[in-house]
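Given next are the chains, with one letter for each unit.
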Amino acid sequence: PMPPEPRSTIPGLVDPQPLATPPWLESNLFEHPTMLIVVLLALGLGLSLVLSRSRAVWALLATGLAAGGVWGVSRLVETDRERVAALTPGLLTAAASVDLAALDALLDERLTLRYFRAGGGLDKAGTLRAVREELGTRFRVREALVQELQLEQTAPDQMRTQVRVRVTPEASGFPNISWWSIDWRLDAGRWRAVAIRPLSIQFFNADPGGG
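Keep in mind that what you see is a predicted model, and the values were worked out from it rather than measured.

Moving on: the pairing of strand β7 (residues 176-187). By the bridge criterion, 10 bridges tie strand β6 (residues 158-169) to β7 in an arrangement that is antiparallel. By the bridge assignment for β7, V163 is matched with W180. The loop that links β6 with its antiparallel partner β7 comprises 6 residues; one of these, G173, has a positive phi angle of about 70°. Of the pairings in the sheet, the one linking β7 to strand β8 (residues 190-201) comprises 10 bridges and is antiparallel in character. By the bridge assignment, S181 is partnered in β8 with R197. Counting the residues that bridge the hairpin from β7 to β8 gives 2 residues, and of these A188 lies at a positive phi of roughly 55°.

Quick look at the structure:
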């Protein structure tokens, strides 16, 4: 079969194929419980309209307790996806603000960064140096914002994110949008970025990964 056509929702930017969606139960019970809570409360209300008064009270009580339980579980349990989702904007902020200490803490010692200015790849030390020399001088960033974040857990200790970011340079003041792939690895209880590469950069026609 022919490969799917690239998606494009923003002029000059090609959207990558979306990552796989998470398991339904994990997503709706632990990460985004609102829909499940609403369904349970609606079920209780619906049953109360068709049951006798005494049974309606028990139906409302049971579904209310279930909805409260779902809310409580979602607050108590933090999934790996939620942990990495919280770290990803911090990685962007640390790079954009040239906060090398914060960036160092988020990067794995085995990190590889590939982009059009370093097609052969940069290790962790090279990445920190590039951030300091490029984003700290010639390409200072006025604003950096995560617009969309996708996550897929590829192994118990591995996570992949695709993130769409909007960066506004100080020099031009004109925002540019790009997609990046970030692979994360769990080591000693901490998630760190182990591979970073751009997937698409707005109005950049060459391979942004430098391949």
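Let us now look at the nonpolar core. Membership of the largest hydrophobic core comes to 24 residues, with the highest contact counts inside it found for L91, L103, L107, I182, W184, A193 and I196. At the level of elements, α4 (80-96), α5 (100-106), β3 (107-115), α6 (124-138), β6, β7 and β8 are the ones that each hand at least two residues to this core. The element that contributes the greatest number of residues to this core is α4, accounting for 5 residues.

Empty space within the largest pocket amounts to approximately 1000 Å³. Considering the residues around the largest pocket, the lining is formed by 34 residues, among which Y115, L135, V167, S178 and W180 are closest to the centre. Mapped onto the lining of the largest pocket, the elements with two or more residues apiece are α4, β3, α6, β5 (141-155), β6, β7 and β8. Of the residues belonging to the lining of the largest pocket, the class tally is 25 nonpolar, 6 polar and 3 charged.

Since the α-helix packs 3.6 residues into each turn, any two residues three or four apart lie on the same face. The terminal C-alpha atoms of α4 lie 25 Å apart, and with 17 residues this matches the ideal 24 Å at 1.5 Å per residue to within 8%. Listed in full, the buried residues belonging to α4 are R81, V84, T88, L91, L92, A94, A95 and A96. In the stretch just after α4, V98 is the one whose phi turns positive, near 55°.

The next subject is the side chain of K124. Within the secondary structure, K124 is located in helix α6. We classify K124 as buried; its relative accessible area is 6%. For K124, the side chain forms a polar contact with the main-chain oxygen of L107, separated by 3.1 Å. Residues within four places of K124 in sequence aside, it is in contact with D104, L107, D108, E109 and L111.

Quick look at the environment of F116 now. For F116, the location among the structural elements is in the loop between β3 and β4 (118-122). Taking the C-alpha atoms as reference points, F116 and G210, separated by 94 residues in sequence, lie 3.8 Å from one another.

Moving on to the sheet that holds β5. With mixed pairing, 6 strands are arranged side by side in an open sheet as β4-β3-β8-β7-β6-β5. The outermost strands of the open sheet, each flanked by one partner alone, are β4 and β5. The mean inter-strand angle of the sheet, taken between neighbouring strand axes irrespective of direction, is 15°. On the sheet, α4 packs against β3, β5, β6, β7 and β8 and is oriented at approximately 150° with respect to β5.

What follows concerns a nonpolar patch on the surface. Nonpolar side chains collect at one region of the surface, where L43, L45, L47, L49, V50, L51 and L60 lie side by side and expose about 660 Å² of accessible area between them. With 5 residues, helix α2 (residues 34-50) is the single largest residue contributor to the nonpolar patch. Examined against the element boundaries, V50 turns out to sit in helix α2. A relative accessible area of 65% means that V50 is categorised as exposed.

Thresholds applied
Residue indices follow the written sequence of each chain, beginning from 1 at its first position. Note on the predicted model: pLDDT of at least 70 is required for a residue's local features to be given, and 80 or more for side-chain atom pairs to be given and counted; whole-chain, interface and lining totals, by contrast, use all residues. In computing side-chain values, all of the structure's heavy atoms are included and hydrogens and water are not. Paired strands, as defined in this entry, are two strands with at least two bridges between them according to DSSP. Helix and strand definitions here come from DSSP, where helices need a minimum of 4 consecutive H or I residues and strands a minimum of 2 consecutive E residues; each element is numbered from the N-terminal end. Residues grouped as a nonpolar core are buried Ala, Val, Leu, Ile, Met, Phe, Trp, Tyr and Cys residues, joined through side-chain atoms within 4.5 Å. Relative accessible area decides the class of each residue, using a 1.4 Å probe on protein chains only: under 20% of the type maximum gives buried, over 50% gives exposed, and in between gives partly exposed. A 1.4 Å probe that fits into a set of points on a 1 Å grid over the protein atoms alone but cannot get out defines a cavity; an open set with protein on both sides within 12 Å along at least five of seven lines defines a pocket, and lining residues are those with an atom within 4 Å of a point. Grid points are joined across faces, edges and corners, and a volume is the space filled by probe spheres set on the points. Each residue receives one of three labels: charged for Asp, Glu, Lys and Arg, nonpolar for Ala, Val, Leu, Ile, Met, Phe, Trp, Tyr, Cys and Pro, and polar for the others, Gly being one of them. One fewer than the residue count of a helix, multiplied by 1.5 Å, yields its expected span. Polar contacts, as used here, are pairs of N or O atoms within 3.5 Å; protein pairs need one atom able to donate a hydrogen and one able to accept it. Residues neighboring in sequence count only if both atoms are side-chain atoms. Contact between two residues is taken to exist if any of their heavy atoms lie within 4.5 Å; hydrogens are not considered. Between N-to-C directions, angles cover 0 to 180 degrees, with each direction set by a line fitted to C-alpha atoms, over the stretch in contact for helices. Nonpolar side chains (Val, Leu, Ile, Met, Phe, Trp, Tyr) within 5 Å and like charges within 9 Å form the patches, drawn only from residues with over 30% relative accessible area and no salt bridge. For every accessible area listed, the method is Shrake-Rupley and the probe measures 1.4 Å; residues are considered covered only by the protein chains on display. Counted as salt bridges are all cases of a side-chain nitrogen of Lys or Arg within 4 Å of a carboxyl oxygen of Asp or Glu.

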